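# Reading the structure
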Amino acid sequence: MRLYVEPMDAVVVDVDAAGRVRLENEDWSEPSLQERRAIIYAATNELAALTELLDILDSSPAHHEDTKNTRQD
């Protein structure tokens, strides 16, 4: 995982089940309330952007042509 969190100017590279995060070039740590909110905000925005990307690619004419060609074989 690589999630850039602008307010922290940091990249989250891993998270564990206990909620600790590992930032790029740093050790595991428990984020403060502000850091958690910033990470959640960044992740929510990234998820929305990725969902939009998938919607666009799934509905593009090229995707439909590829699907048609696959079905005809």
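Preceding this paragraph is the structure being described.
For clarity, every value in this text was computed on a predicted model and none was experimentally measured.

Under the criterion given, the structure shown has two salt bridges. Salt-bridge contacts for R2 lead to E24; the nearest nitrogen and oxygen are separated by 2.7 Å. A residue pair is termed long-range when its members are at least 10 positions apart, and R2 in the segment before β1 (3-5) and E24 in the loop between β3 (21-23) and β4 (28-29) qualify at 22 residues. D16 serves as the salt-bridge partner of R20, at 2.8 Å between the closest nitrogen and oxygen. For R20, a relative accessible area of 36% translates into the label partly exposed. By relative accessible area, which is 24% here, D16 ends up partly exposed.

Before going further, it helps to examine the pairing of strand β2 (residues 10-15). A regular strand places its side chains on the two faces of the sheet in alternate fashion. Two elements, β1 and β2, share three bridges in a ladder whose sense is antiparallel. Looking at β2, one finds that Y4 is bridged to V11. Between β1 and the antiparallel strand that follows it, β2, lie four residues; D9 among them carries a positive phi value of about 45°. Here β2 pairs with β3 via three bridges, running antiparallel. Pairing of V12 across the sheet is with L23, part of β3. Between β2 and β3, which pair antiparallel in sequence order, lie five residues; one of them, G19, sits at a positive phi of approximately 95°.

Calculation notes
- Residues numbered from 1 in each chain as written.
- Predicted model: local features only at pLDDT ≥ 70, side-chain atom pairs only at ≥ 80, totals over all residues.
- Heavy atoms only, no water.
- Salt bridge = Lys/Arg side-chain N within 4 Å of Asp/Glu carboxyl O.
- Helix = DSSP H or I, 4+ residues; strand = E, 2+ residues; numbered from the N terminus.
- Buried < 20%, exposed > 50% of the residue type's maximum accessible area, 1.4 Å probe, protein only.
- Pairing = 2+ DSSP bridges.

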